[in-house]
Number of protein chains: 2
Amino acid sequence: MCVPGCQEALQAALSRRGFFKGAAAAGFAATVIEPAEAAKKKSAKKAVPAAGTQAPEGQSYFKGVVDLTHTMSPDFPTFFGVPGIELQKQFDFKKDGFNLNWWRIIEHAGTHLDAPIHFSESGDTVEKLAAETRVAPLAVIDVRARATQNPDYLVSRQDLADWEKKHRRLPERCCVAMLSGWADYVGDAAKYTGASGGVFHFPGFGSDAAEWLLKERSAVGLAVDTLSLDNGPSKDFRVHRAWLPTGRWGLENVANLDKVPPSGATLVVGVAKVRNATGGPARLIALT
Amino acid sequence: MCVPGCQEALQAALSRRGFFKGAAAAGFAATVIEPAEAAKKKSAKKAVPAAGTQAPEGQSYFKGVVDLTHTMSPDFPTFFGVPGIELQKQFDFKKDGFNLNWWRIIEHAGTHLDAPIHFSESGDTVEKLAAETRVAPLAVIDVRARATQNPDYLVSRQDLADWEKKHRRLPERCCVAMLSGWADYVGDAAKYTGASGGVFHFPGFGSDAAEWLLKERSAVGLAVDTLSLDNGPSKDFRVHRAWLPTGRWGLENVANLDKVPPSGATLVVGVAKVRNATGGPARLIALT
């Protein structure tokens, strides 16, 4: 309970501008916690101001920034077994005064988004996805132990129930992400795809879990740290076919889900905004 | 000044989880304000939960989500006068069960990021930009009145001083954005580029402003709602050459800067993470 005068102070603190007046008054400053990648970078780059110097009047109303994006390159494992990107240098600094490449890129390679149209005849293309669905609470379902035992593991309705029991009801309009541990294998295409006799082996979402989310919760997106929302051996892509045509999106090849809390982070989906695209490369930022 | 007990309540409110306990206790709930684009979308898409239903225990510690990104297409005006993207359909839903395109794309077309290597011999490529510099306070310098008078207008040191006088000192590690009004012309390439006799005419940053920011403030990025950080007639790209080699980034063809407050928004730069890229398409999200 608030003592007299406190509610006003809280109200001021909870408004954006007042937040920092409040923070300054209370004598603590917002800081940016750096992910491992950024921390490494910091020592090497003196010209750019170091993190953690955010002024009390700054806008860091979150504590950490975690990049959930793998670096895309021609080496990155793809579903189709061909490089997902090719770079062609068109201008060179020494000759032209600046550097510039063209890319040839598959819409669905690397860390990327699946738009509704990817598995439907008339669903939304990527540029039509509403802005408010691409900033979403992130719920991470950790199935690493089970996926180690069974590389074809399917996230189940029970896994979602277990998460809710441990944390809370899945937040409204959230993204539900599978943490299978497969991101650790991304440098080894054979292990990441699990290809054997023409069949892939990696974990994905079960259709029972996807159907339950569609009926009982308001999730806007699914995310996986593997090549596909459906698991490796899937022939019918049941989760893609159930999920995407409803206007929801999917994220594949997500990185660093082990670096964010299972509950409480906010995901910002920075997908390229291309007219008529069925998906595209996405920069995924988690604010924690 | 806080009355006894209030500081603890503030502290709880200002921690991420405590924020919402505090918000609930104080009797107000976080909501997501929709940008125009999303609002239009909402009525058409019933399958996805509507915005504004965020539970009090959700993560919306901001009020609004504004998309600062133009939709990229072959029609989008480019610096080089050729289409910045081509889509090639590789799989078709009716025939193959899913839709998928390849793209051929210029790294520096549409709403995009310039990495340090774009104008340097050995600067950072895009995948090396530290995560904490891509989530930044956004300061919007409104020069629309001056740009209407002079399409080659250069944002000056004085414009920055005027902003600071009206608002506050530029936040640490911010992105400084020029709002010239040119985003309104993006559907008309002749007007957007201002091409006349082989010379472009559109506003940009002045080198006095850029140099002052480098020396006196800690800005990490510059952004413009035109084709280039330097203005249209520039032959020497002085701002590019002064700014980028220091390890900082730039954003070009930014949309909707008139939809965010001049001070107080947080910019999340969702640039595609491609190895050895000199820039790339970026989804820019402002949290307000």
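Since the structure is predicted, the reported quantities are computational estimates derived from the model, not experimental observations. Counting of residues starts from 1 at the beginning of each chain's written sequence and follows it residue by residue. Note on labels: chains are lettered from A, ligands numbered from 1, in written order. Reporting of local features is limited, given that this is a predicted model, to residues whose pLDDT is at least 70; pairs of side-chain atoms are given and counted only at 80 or more, and all residues count toward the totals for whole chains, interfaces and linings. No hydrogens and no water enter the side-chain calculation; it runs on all heavy atoms of the structure.

Engineer: I'd like to hear about the overall build of chain A, residue by residue, with values.
Structural biologist: Secondary structure elements are taken from DSSP: a helix is a run of H or I of four residues or more, a strand is a run of E of two residues or more, and numbering for both begins at the N terminus. Scanning chain A for helices and strands turns up 9 helices and 12 strands. The contact criterion used throughout is that any non-hydrogen atoms of two residues lie within 4.5 Å. When contacts within chain A are restricted to residue pairs at least 6 apart in sequence, those whose partners lie at least 24 apart make up 71%. As displayed, chain A has an accessible area near 10900 Å², and 52% of this comes from carbon and sulfur atoms. Per-residue and other accessible areas follow the Shrake-Rupley method at a 1.4 Å probe size, with only the shown protein chains counted as cover for residues.

Engineer: Tell me about the side chain of E252 of chain A, and please be specific about residues and values.
Structural biologist: Residues and elements named next belong to chain A. In this structure, E252 sits in strand β10 (residues 249-252). An unpaired buried charge is present at E252: no salt bridge exists, and R241, the closest side chain of opposite charge, is 13 Å distant. In protein, a polar contact means a hydrogen-donor-capable atom and an acceptor-capable atom, both N or O and within 3.5 Å, with residues adjacent in sequence counting only if both atoms are side-chain atoms; elsewhere, any N or O pair within 3.5 Å suffices. Of the polar contacts made by the side chain of E252, one reaches the side chain of H112; its length is 2.9 Å. A polar contact is formed between the side chain of E252 and the backbone nitrogen of L229, at a distance of 2.9 Å. Any residue under 20% of the maximum accessible area for its type is buried, any over 50% is exposed, and the rest in between are partly exposed; the area is computed with a 1.4 Å probe on protein chains only. Asp and Glu count as negative and Lys and Arg as positive, but His and the ends of the chain are not part of the count. What makes a salt bridge here is a side-chain nitrogen of Lys or Arg within 4 Å of a carboxyl oxygen of Asp or Glu, nothing more.

Engineer: Break down the pattern of salt bridges for me, with residues and values.
Structural biologist: Counted under the stated rule, the structure contains 25 salt bridges over all chains. Here R104 of chain A ties to E86 of chain A by a salt bridge, and the two come within 4.0 Å at their closest N and O atoms. Placement of R104 of chain A in strand β3 (residues 100-106) and of E86 of chain A in strand β2 (residues 85-91) is noted, with a sequence separation of 18 residues between them. Assessed through its relative accessible area of 36%, E86 of chain A is described here as partly exposed. Ionic pairing is found between K94 of chain B and E121 of chain A, a salt bridge with its closest N-O pair at 3.5 Å.

Engineer: With reference to specific residues and values, describe the packing of aromatic side chains.
Structural biologist: Describing an aromatic ring pair means giving the distance of the ring centres and the angle of the ring planes. For Phe, Tyr and Trp, rings pair up if their centres lie within 6.5 Å, where Trp contributes its six-membered ring, and each pair is then called stacked (planes under 30 degrees apart), edge-to-face (over 60) or tilted (otherwise). Per the counting criterion, the structure on display carries 20 aromatic pairs over all chains. When the ring of F79 of chain A is compared with that of F80 of chain A, the centres are 5.9 Å apart and the planes differ by 70 degrees; the resulting orientation is edge-to-face. Residue classification places F79 of chain A among the partly exposed residues on the basis of a relative accessible area of 26%. Taking relative accessible area as the criterion, F80 of chain A reaches 31% and is therefore assigned partly exposed. With 5.4 Å between their ring centres and 15 degrees between their planes, F91 of chain A and F80 of chain B make a pair best called stacked. In this pair, F91 of chain A sits in strand β2 while F80 of chain B sits in the loop between β1 (65-67) and β2 (85-91), so the two residues belong to two different chains. What makes F91 of chain A partly exposed here is its relative accessible area of 26%.

Engineer: Which residues make up the nonpolar core, and what values go with them?
Structural biologist: Counting residues in each nonpolar core, the largest one holds 146 residues, and the members touching the most others are L68, L138 and V176 of chain A together with L68, L138 and V176 of chain B. Those residues within four positions of L138 of chain A in sequence are excluded, and the remaining contacts are L68, C175, A177, L257, V260, P262, S263, G264, A265 and L267 of chain A. Put simply, buried Ala, Val, Leu, Ile, Met, Phe, Trp, Tyr and Cys residues joined by side-chain atoms within 4.5 Å make one nonpolar core. Formed by 14 residues, the second largest nonpolar core is a distinct cluster that contains F62 and V268 of chain A together with A131 and V135 of chain B.

Engineer: I'd love a proper account of the sheet that holds β3 of chain A, names of residues and values included.
Structural biologist: As a general point, the strands of a sheet are linked pairwise by backbone hydrogen bonds and lie either parallel or antiparallel. Only strands joined by at least two bridges in the DSSP assignment are considered to pair. Reading across from one edge, β2(A)-β3(A)-β3(B)-β2(B) is the order of the 4 strands in this open sheet, with antiparallel pairing throughout. The open sheet is flanked by β2 of chain A together with β2 of chain B, the only strands paired with a single partner. For this sheet the average axis-to-axis angle between neighbouring strands, irrespective of direction, equals 15 degrees. Note that β2 of chain B and strand β3 (residues 100-106) of chain B share 6 bridges and pair antiparallel. Bridging from a neighbouring strand, E86 of chain B pairs with R104 of chain B of β3 of chain B. Note on geometry: axes are lines fitted to C-alpha atoms, helical ones only across the stretch in contact, with angles between N-to-C directions running from 0 to 180 degrees.

Engineer: Requested: an account of unusual backbone geometry, with residues and values cited.
Structural biologist: One non-glycine residue with positive phi stands out, namely F237 of chain A, at about 50 degrees. Relative to the elements of secondary structure, F237 of chain A occurs in the loop between β9 (221-224) and α9 (238-243). Not every positive phi belongs to a glycine, and N276 of chain B is a case in point at roughly 70 degrees. Locating N276 of chain B in the fold gives a position in the loop between β11 (265-271) and β12 (279-287).

Engineer: Provide a residue-level description of the packing of helix α6 (residues 157-166) of chain B against helix α8 (residues 207-216) of chain B, including the pertinent values.
Structural biologist: Residues and elements named next belong to chain B. Remark: α6 packs on α8, axes separated minimally by 7 Å, with the N-to-C direction vectors making an angle of 55 degrees. As summarised for this structure, α6 and α8 are arranged oblique, according to the angle between their axes. Residues R157, L160 and E164 of α6 form the contact with α8, whose own contacting residues are D208, A209, W212 and L213. Residue polarity is assigned by list, with Asp, Glu, Lys and Arg as charged and Ala, Val, Leu, Ile, Met, Phe, Trp, Tyr, Cys and Pro as nonpolar; anything else, Gly included, falls into the polar class. The class makeup of the residues in the contact of α6 with α8 is 4 nonpolar, no polar and 3 charged. Relative orientations are named as follows: roughly parallel for angles under 35 degrees, roughly antiparallel for angles over 145 degrees, roughly perpendicular for angles from 65 to 115 degrees, and oblique for any other angle.

Engineer: Could you give me a rundown of helix α6 (residues 157-166) of chain A, with the residues and numbers involved?
Structural biologist: Residue and element names in this part refer to chain A. Regarding α6, the residues found buried are D159, L160, W163 and E164. On an axial view of α6, the arc spanned by its buried residues comes to 140 degrees, and they lie on one face. Of the residues in α6, the exposed ones pointing more than 90 degrees away from the buried face are K165 and K166. Looking at the buried positions of α6, the neighbouring elements they touch are β5 (135-142), α5 (144-149), β6 (154-155), β7 (175-179) and α8 (207-216). It is the directions from the helix axis to the C-beta atoms whose arc is reported.

Engineer: How would you explain the environment of F62 of chain B if you had to name every residue and give the values?
Structural biologist: Within the element layout of this structure, F62 of chain B appears in the loop between α3 (36-44) and β1. Taking C-alpha positions, F62 of chain B is 31 Å from P116 of chain B, a pair spaced 54 residues apart along the chain.

Engineer: Before we move on, can you summarise the environment of A190 of chain B with the specific residues and values?
Structural biologist: Inspection of the secondary structure assignment puts A190 of chain B in helix α7 (residues 189-193). What makes A190 of chain B exposed here is its relative accessible area of 55%.

Engineer: Got a sec to walk through the environment of T246 of chain B? Specific residues and values, please.
Structural biologist: All names here are of chain B. Locating T246 in the fold gives a position in the loop between α9 (238-243) and β10 (249-252). Between the C-alpha atom of T246 and that of P116, which follows or precedes it by 130 residues, the distance is 7.1 Å. Here the side chain of T246 touches W243 through a polar contact of 2.6 Å, landing on its backbone oxygen. Here the side chain of T246 touches R248 through a polar contact of 2.9 Å, side chain to side chain.

Engineer: How would you sum up the side chain of R248 of chain A? Please name residues and give values.
Structural biologist: Residue and element names in this part refer to chain A. Among the secondary structure elements, R248 is positioned in the loop between α9 and β10. Among buried Asp, Glu, Lys and Arg side chains, R248 stands out as unpaired, with E172 the closest opposite charge at 9.6 Å. Of the polar contacts made by the side chain of R248, one reaches the backbone oxygen of A219; its length is 2.9 Å.

Engineer: Give me the lowdown on the confidence of the model for chain A, citing residues and values where you can.
Structural biologist: Residues and elements named next belong to chain A. Chain-level statistics for chain A give a pLDDT mean of 83 and a share of 79% at 70 or above. Predictor confidence is given residue by residue as pLDDT, running from a minimum of 0 to a maximum of 100. Counting contacts from residues 1-60, a segment whose pLDDT is below 50, to residues more than four positions away or on other chains yields 118 contacts. We note a pTM of 0.82 for the whole complex and an ipTM of 0.82 for its interfaces.

Engineer: I'd like a rundown of α8 of chain A, residues and numbers included.
Structural biologist: Burial in α8 of chain A covers these residues: S207, A209, A210, W212, L213 and L214 of chain A. Here the buried face of α8 of chain A lies against β6, α6, β7, β8 (204-205), β9 and α9 of chain A.

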